[in-house]
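Each chain, letter by letter, is given below.
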Amino acid sequence: MVRKIVVFVTAVSLVFYYSHAGIVTDSYAKPRKVATIPQEKNYIIGTKTVKPLAGFEKQYEDSGEINRYSQGKMKENEMLAVKLTEGEANELKNDGDVLFVEEDRYVEGSKYHEKKVNKYKKNKSGTEWNIRMIKATGKKAKSKKEKVKIAVIDSGVDYGNDIELAGTITLVPGEEEMSPLFMDGSGHGNGVAGLIAAEDNGEGITGINPNVELYSIRVLDDNNRAPVSRVIEGIYMAMDKGVNIINMSFGMDIYSEALEKAIQDAADAGIMIVASAGNTGERGVQYPAAYEEVMAVGSVDKMGEAAQSSARGPEIEIVAPGELVRTTGTFGNQLVTSGTSLAAPQVSAIASLIWQKDLGMSANFVRWVINEGANSYGEKEAYGNGLIDAEYILTNYHELKARYEKGKVEGGDVKNESEVIAFEDTGCVEGSWEMTKHGDMVGSDYANVKAGARFPDKTSFVDTYGKYMFAKISHNPWWHGTYQQSNNYVAAYIYATNMANAIGQGKMPHDAPIPSGCTYATDMLSDVNAIGNVVGWKHSEVLNGKEPTAGRRRAFVWGMGIHTLADTYAHSAYVHDSSGWHHLAHEDGKGYDVADDPEKYKPRFDNAKAAVKKSLDVYNNKYTGGTYNEFSTVMGQYVYKLRNISAYITTVAGSVAAQPYAAYNYNVSTK
């Protein structure tokens, strides 16, 4: 019988209490009662049927932890996320229609034989050490019409960052209009997705299976935290996409009945669920990995030994490399980091290689094959069934499949006692790096550039008149690459980068030169000053609480300029069909409200990605500001045109400079 769930919150009421033993005193007055307003918290409610939900929605305030892109999947599955006082929560537990009421807590981004080792002094191979350890080299699946679908429920994945995405969405409140180019707020999701499916194109790392159909569902915020309700909504959205595998690289210590219900529903739908066990050591395996339906993944180091931080417990099912693993970073960077968060996606990727051999097989089969073919050389609470071994599984696939289909899942002749490939030195140092065109490894401040690039799409900050200080095209066209309100987006981009350079040189933003045609220079200057004076450079949503050095502030403001540059390809683009030219918008009701959909008129986003790369090249120079040349990526295709691009470049740099752009220019007066 499927359990039903509901969530709700009640109105605030006054209660009276005595401090400590019931009495508040001072030296001059008699004991007195003190009134206080009980604190509301976010709760999840589960009910037996959907019927009570309408009443609960009217009675209690929504928790606000899931943005408007939610599709109401919790409600469809008899759950609600609302605000309640503790008293209201306790009352609801006695309601005959309610199955449970629980606090909406936060998740955060996480048979033996004697071990034989084949140890290398240093990994000199072009293949990453972790891929060699799990023997997934050369195991790329051949292209097929129908691919294994994987949902990465995480902090988001940036579109065009060396990872092909089938779909991307954010459920984080205030990010409804976040550009898909800058979706990942922390870098966590990029790293997870890169290990699964980074493209085999000579750039950065190559994922274990680039041939999957990957869906990114952003639930973790910039601090890699999310309430359980948002995770649940993400799980149901993944189910709606018909995915085969869900990867979750986060966890929490407290059991949640609501989350377990969503996990069970996903498992009942035939989905394989993989989660990081947690970086909790002896404290035990975190949820959701600790649920029976989930494959809990621990991590090992370069010697194949269980990482000290990797969770221990009877729920550990499999291990994979997780210490000093190189993966996909930001803007084409490579990130080297550690944790079970990186071990889990390697298991998801190998699961997809197995499943792709026969999509008719079940999730239970794929899970069993992984466990049966593991190299099991350590104690169960640290290693589970052992180190995942792609080569062994795929070599013995047909024998394993035959056994499974005959019900002979125990015993068998397949025994993995192969050597563990280990390394004295992996060649990886923790940090974020980028590959320059000269092939050198240099330090990168791209994290702060990325923070700036995401900033204009956040609705978190409003001015004294209640208007958004940075978000919303109608309020701030200069930060959103639109021609509207006579905004010269070319000049706006250049001025933003000029202000960034002035800050980096220890000057004030108003010292930056203003390019010709920068209609809203005063507004842009006011906005940049507001980041320091109103928002505060140390605000968690700006520089993540780090010291606001001149270099970090330069990076952030340059990132805001990059947002203007990239948004031009979304908000100033025109496409043509039999009925004429059409402006792509957010909402127009005419079928052209696809401005931020990277799969619609796809060359726009490919060109925007290339424009961002050009801008980063200028940023790395540190001596010059942006130029109109960064917009040259529009040239060479005819899927769309940019409105007024020639006129704006003429204003900034002269008619000669604008001539090559004439064929890619849309001017309403000439159409």
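Scroll up for the structure.
This text gives an overview of the structure that appears in the document. None of the values given here were measured: they were computed from a predicted structure.

Observations regarding the pattern of salt bridges
1) Next: Enumeration over the complete set of coordinates arrives at 23 salt bridges.
2) Next: Note that lysine 73 and glutamate 76 form a salt bridge whose closest N and O atoms lie 3.7 Å from each other. A residue pair is termed a helical-turn pair when its members lie 3 or 4 positions apart in one helix, as lysine 73 and glutamate 76 do in helix α2 (residues 73–76) at three residues.
3) Next: You can call lysine 73 buried: its relative accessible area is 9%.
4) Next: Salt-bridge contacts for aspartate 158 lead to lysine 450; the nearest nitrogen and oxygen are separated by 2.6 Å. Here lysine 450 lies in helix α13 (residues 446–454) and aspartate 158 lies in the loop between β8 (149–154) and β9 (167–170), a separation of 292 residues in the sequence. Each member of the pair, aspartate 158 together with lysine 450, is buried.
5) Next: Counted as one network, the salt bridges with shared partners bring together Glu175, Arg218, Asp222, Arg454 and Lys458.

Brief notes about the pairing of β8
1) Next: Among the six residues in β8, five count as buried, and that is most of the element.
2) Next: Judged from the six bridges that link them, β8 and strand β10 (residues 213–218) form a sheet pairing that is parallel. Of the residues in β10, the one forming a bridge with valine 152 is serine 216.
3) Next: Both β8 and strand β12 (residues 245–248) contribute to a ladder of four bridges, which runs parallel. Counted as the bridge partner of isoleucine 150 is isoleucine 245 from β12.

Looking at the sheet that holds strand β5 (residues 98–103)
1) Next: In space, the three strands of this open sheet follow the order β4-β3-β5, with antiparallel pairing throughout. Each end of this open sheet is capped by a strand with a single partner; those strands are β4 (79–85) and β5. Sheet twist, expressed as the average angle between the axes of neighbouring strands with direction ignored, equals 30°.
2) Next: Packing against the sheet, helix α7 (residues 257–268) makes contact with β3 (40–47), β4 and β5, and its axis sits at approximately 115° to β5.

Quick word on the nonpolar core
1) Next: Leu214, Ile232, Ile235, Ile246, Met248, Met272 and Ile370 are the most contacted members of the largest nonpolar core, which has 108 residues in total.
2) Next: Ignoring anything within four residues of it in the chain, the contact list for isoleucine 246 reads Ala151, Ile153, Ile235, Ala238, Ala266, Ile271, Met272, Ile273 and Val274.
3) Next: Judged by nonpolar contacts, the second largest core, of 76 residues, contains Ala491, Cys518, Leu565 and Ile649.

A closer look at empty space enclosed by the protein
1) Next: As a volume, the largest cavity reaches approximately 30 Å³.
2) Next: Lining the largest cavity, in full, are Met133, Ile134, Lys135, Asn375, Leu387, Ile388, Asp389, Glu419 and Val420.
3) Next: Of the residues belonging to the lining of the largest cavity, the class tally is five nonpolar, one polar and three charged.

Points about the side chain of arginine 643
1) Next: Note that arginine 643 resides in strand β23 (residues 641–643).
2) Next: Here arginine 643 is in contact with Tyr483, Tyr489, Ser572, Tyr574, Tyr648, Asn665, Tyr666 and Val668, once residues within four sequence places are set aside.

Things to note about helix α9 (residues 363–372)
1) Next: Most of α9 sits inside the fold, with nine of its ten residues counted as buried.
2) Next: Among the structural elements, β13 (272–276), β14 (294–300), β15 (316–321), α8 (340–356), α11 (390–395) and α12 (397–405) are those in contact with the buried residues of α9.

Focus on the environment of alanine 197
1) Next: Position of alanine 197 relative to the elements: it lies in helix α5 (residues 188–197).
2) Next: For the pair formed by alanine 197 and glycine 207, sequence separation is ten residues and the distance between their alpha carbons is 4.3 Å.
3) Next: Beyond its immediate sequence surroundings of up to four residues, alanine 197 is in contact with Asp162, Ile163, Gly207, Asn209, Pro210, Val212 and Leu214.

Here we look at the side chain of aspartate 389
1) Next: For aspartate 389, the location among the structural elements is in the loop between α10 (380–383) and α11.
2) Next: Its relative accessible area of 3% is what places aspartate 389 among the buried residues.
3) Next: A distance of 3.3 Å separates the side chain of aspartate 389 from the backbone nitrogen of glutamate 391, its partner in a polar contact.
4) Next: Within the structure, the side chain of aspartate 389 is placed 3.2 Å from the side chain of asparagine 416, a separation counted as a polar contact.
5) Next: Each residue touching aspartate 389, except ones within four places of it in the same chain, is listed here: Ile134, Lys135, Gly373, Asn416 and Ser418.

Side note on the pairing of β4
1) Next: The buried fraction of β4 is high, at six of seven residues.
2) Next: Note: β3 against β4, seven bridges, orientation antiparallel. Looking across to β4, one finds that glutamate 40 is bridged to threonine 85.

What to know about the sheet that holds β14
1) Next: Strand order in the open sheet formed by seven strands is β9-β10-β8-β12-β13-β14-β15, with parallel pairing between adjacent strands. Unpaired on one side and paired on the other, β9 and β15 mark the two borders of the sheet. Taking each pair of neighbouring strands and ignoring which way they run, the sheet shows an average axis angle of 25°.
2) Next: One ladder, built from four bridges, connects β12 with β13; its direction is parallel. Bridge pairing in β13 links asparagine 247 to valine 274.

Notes on the packing of aromatic side chains
1) Next: On inspection of all chains with the given rule, the structure shows 27 aromatic pairs.
2) Next: Arranged with centres 4.9 Å apart and planes meeting at 90°, the rings of tyrosine 489 and tyrosine 648 form a pair that is edge-to-face. Taken together, the residues span a long stretch of sequence, with tyrosine 489 in helix α14 (residues 489–504) and tyrosine 648 in helix α18 (residues 645–653) at a distance of 159 residues.
3) Next: Between the aromatic rings of tyrosine 574 and tyrosine 666, the centroid separation amounts to 4.0 Å while the plane-to-plane angle is 15°, which identifies the pairing as stacked. With tyrosine 574 in strand β21 (residues 573–577) and tyrosine 666 in strand β24 (residues 665–666), this residue pair connects regions lying 92 residues apart in the sequence.
4) Next: According to the relative accessible area criterion, tyrosine 574 is buried, its value standing at 6%.
5) Next: An aromatic cluster is built from Phe182, Phe331, Tyr446, Trp558 and Tyr619, whose rings are joined through pairwise contacts.
6) Next: Positioned above the aromatic ring of tyrosine 106 is the side chain of arginine 225, whose terminal nitrogen or guanidinium carbon lies 4.1 Å from the ring centre.

Reading the values: the criteria
- Residues numbered from 1 in each chain as written.
- Predicted model: local features only at pLDDT ≥ 70, side-chain atom pairs only at ≥ 80, totals over all residues.
- Heavy atoms only, no water.
- Salt bridge = Lys/Arg side-chain N within 4 Å of Asp/Glu carboxyl O.
- Helix = DSSP H or I, 4+ residues; strand = E, 2+ residues; numbered from the N terminus.
- Buried < 20%, exposed > 50% of the residue type's maximum accessible area, 1.4 Å probe, protein only.
- Pairing = 2+ DSSP bridges.
- Axes fitted to C-alpha atoms, helices over the stretch in contact; angles between N-to-C directions.
- Contact = heavy atoms within 4.5 Å.
- Core = buried A, V, L, I, M, F, W, Y, C linked by side-chain atoms within 4.5 Å.
- 1 Å grid on protein atoms, 1.4 Å probe; cavity = no way out; pocket = protein on both sides within 12 Å on 5 of 7 lines; lining within 4 Å.
- Points joined across faces, edges and corners; volume = space filled by probe spheres on them.
- Nonpolar A, V, L, I, M, F, W, Y, C, P; charged D, E, K, R; others polar.
- Polar contact = N/O pair within 3.5 Å; in protein donor to acceptor, adjacent residues only side chain to side chain.
- Phe/Tyr/Trp six-rings, centres within 6.5 Å; stacked < 30°, edge-to-face > 60°.
- Lys NZ or Arg CZ within 6 Å of the ring centre and 35° of its normal.

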